[in-house]
Amino acid sequence: MSALNQAIEHELRDAISSRSDELVALASELVKRPSTLGEEESAQRIVEDRLRDSGFSIARVQPDTAAALSDPTAGYPPLSYDGRTSVVGVREGSGGGRSLHLSGHIDVVPVDRTEDWRFEPWAGAIADGRLWGRGAGDMKGGLAAYLVAVAAISDVCGDRLRGDLIFSSVIEEECGGNGMWSVLRAGYQAAATLIGESTGMRLGHAGVGVVWARLTARGEVGHAESSGRYGPFDALAEAIGALRALEAAINAKVDDRVFADAAAWPYAMTVGRVSGGVWASSAPGELVANVRFGFGREYLPADVQARIREAVAQAAPTVEVTFEGFRAAAYCHGTVGELSHALSVAHESVLGSEVRPVAFTATTDARFVLGPCYCYGPLAGNMHGVDEWVDISSLQETAAVIALVAADWAM
Ligand SMILES: [Zn+2]
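Model, not experiment: these values are computed from the prediction.

### Thoughts on the side chain of E197
No. 1: Within the secondary structure, E197 sits in the loop between β7 (192-195) and β8 (203-207).
No. 2: Excluding its chain neighbours within four sequence positions, the residues that come into contact with E197 are H105, D138, M139, E173, T364, C375, Y376, G377 and P378.

This is how it looks when you write it as structure tokens:
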């Protein structure tokens, strides 16, 4: 380590090793709380208790709906914030040191195809060196690793920490980001920020822009005998076809090396959800398609919204376009600086190899952070899919790296 002496490094590594069972149990316990949108509180209480045990003073941060709506890069609030908050813990340093914000999101996406899962999605099963379940990789494993890291730091470094540690467990990362957005807006900002998303122990420094659009096609409800030729589905199909063409245009020539190097088709459009209708022989009154649209740094979310609106208006003027969830700008944090240096040194010390940078073709809460900010966390697979998992040894490694970085940074 640079500033960290070897004795402290060994003590921290030992403290993490002695908490290895605790780390797996904590990650599993978090998976057992199905913290989908609106159901975050039960899992948040676990995080709050842990932070309190590690000497953090706790605050809760509730997003302001009106303020979010009027900020062009905040999310559209998906539902009421009554009883729904992010947990923020602060452990004040003795003064004169650098502050560090460690963060993760508590929300998880819903389960699809439960019958196809090898392990029950909310059981937190442990097998084959992995923790299985919805949220194991995205991102309760990383959150648990970061919690164990700060517990170890509290034990080992205690009063020797000069900089403040901030820890946040935020809501709504999966649908707009208003959890992190409101935590930062409430003043919980530090000189550097790390987010425990599963990066496979790589330095996640960039993410594409994302907007969500809701396409609604309406028709007259009635018997199928008199509703041939063209209906709401056909209108919807034309609208989706127009958006596919827009997607192809945006991906045709990607000049931005950050995302061109990340994937051959970095800006993906997904029709994630389709709903409506009640009966095959009844013309539907309304069909809805929920679309996720990716884009690069050359656009603002509002630009992409305008292009989506325009494309649908031309191809299928009867289809209504509204926006919900994300209006996330693409972001890219530079990979050179004090934080990346501290992380590289700690990573090399724990894993014996160089840390590699990675750009995501998705978004993360890192887009809201103005100072240096990276995602760094365990190895995981099948995120948002069937049989989501996180690798247990990489959880231990994440906890060790984060403990070393935080101690180096804040002591
Ligand atoms: Zn995530």
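### Side note on the coordination of the zinc ion
No. 1: Looking at the zinc ion, the protein donor atoms are H105 (NE2), D138 (OD), E197 (OE) and E197 (OE), and they sit 1.9 to 2.6 Å from it.
No. 2: Every donor counted, the four donor atoms about the zinc ion form angles of 54 to 155° at the centre, which fits irregular coordination.
No. 3: Read in sequence order, the donor residues coordinating the zinc ion give the pattern H-x32-D-x58-E. Remark: E197 occurs in the loop between β7 and β8 and D138 occurs in helix α5 (residues 136-156); sequence separation between them is 59 residues.

### Considerations on the layout of surface pockets
No. 1: Taken as a whole, the largest pocket holds about 1,600 Å³ of empty space.
No. 2: Along the walls of the largest pocket sit 47 residues, with V109, E174, W212, F326 and H384 positioned nearest its centre.
No. 3: Listed by contribution, the elements that provide at least two residues to the lining of the largest pocket are β9 (209-218), β11 (269-276), β13 (286-295), β14 (320-328) and β16 (357-360).
No. 4: Its volume calculated, the second largest pocket comes out at about 250 Å³.
No. 5: T73, W181, L184, R185, Q189, A329, A330, Y331, R367, F368, V369 and L370 together form the lining of the second largest pocket.
No. 6: Take the lining of the second largest pocket: its biggest share by element is three residues, from helix α6 (residues 178-185).

### Examining helix α10 (residues 338-351)
No. 1: Helix length check: α10 (14 residues) gives 20 Å between terminal C-alpha atoms against 20 Å at 1.5 Å per residue, within 8%.
No. 2: Burial in α10 covers these residues: L339, S340, A342, L343, A346, H347 and V350. All buried residues of α10 project into a common sector of 160° when viewed along the axis, lining one side.
No. 3: Positive phi shows up at G352, right after α10, with a value of about 70°.

Analysis parameters
- Residues numbered from 1 in each chain as written.
- Predicted model: local features only at pLDDT ≥ 70, side-chain atom pairs only at ≥ 80, totals over all residues.
- Heavy atoms only, no water.
- Helix = DSSP H or I, 4+ residues; strand = E, 2+ residues; numbered from the N terminus.
- Contact = heavy atoms within 4.5 Å.
- Donors = N, O, S within 2.8 Å, 3.2 Å for Na, K, Ca; no water.
- Tetrahedral: all angles 85-135°; square planar, octahedral: opposite > 155°, others 65-115°.
- 1 Å grid on protein atoms, 1.4 Å probe; cavity = no way out; pocket = protein on both sides within 12 Å on 5 of 7 lines; lining within 4 Å.
- Points joined across faces, edges and corners; volume = space filled by probe spheres on them.
- Expected span 1.5 Å × (residues − 1).
- Buried < 20%, exposed > 50% of the residue type's maximum accessible area, 1.4 Å probe, protein only.
- Arc of directions from axis to C-beta.

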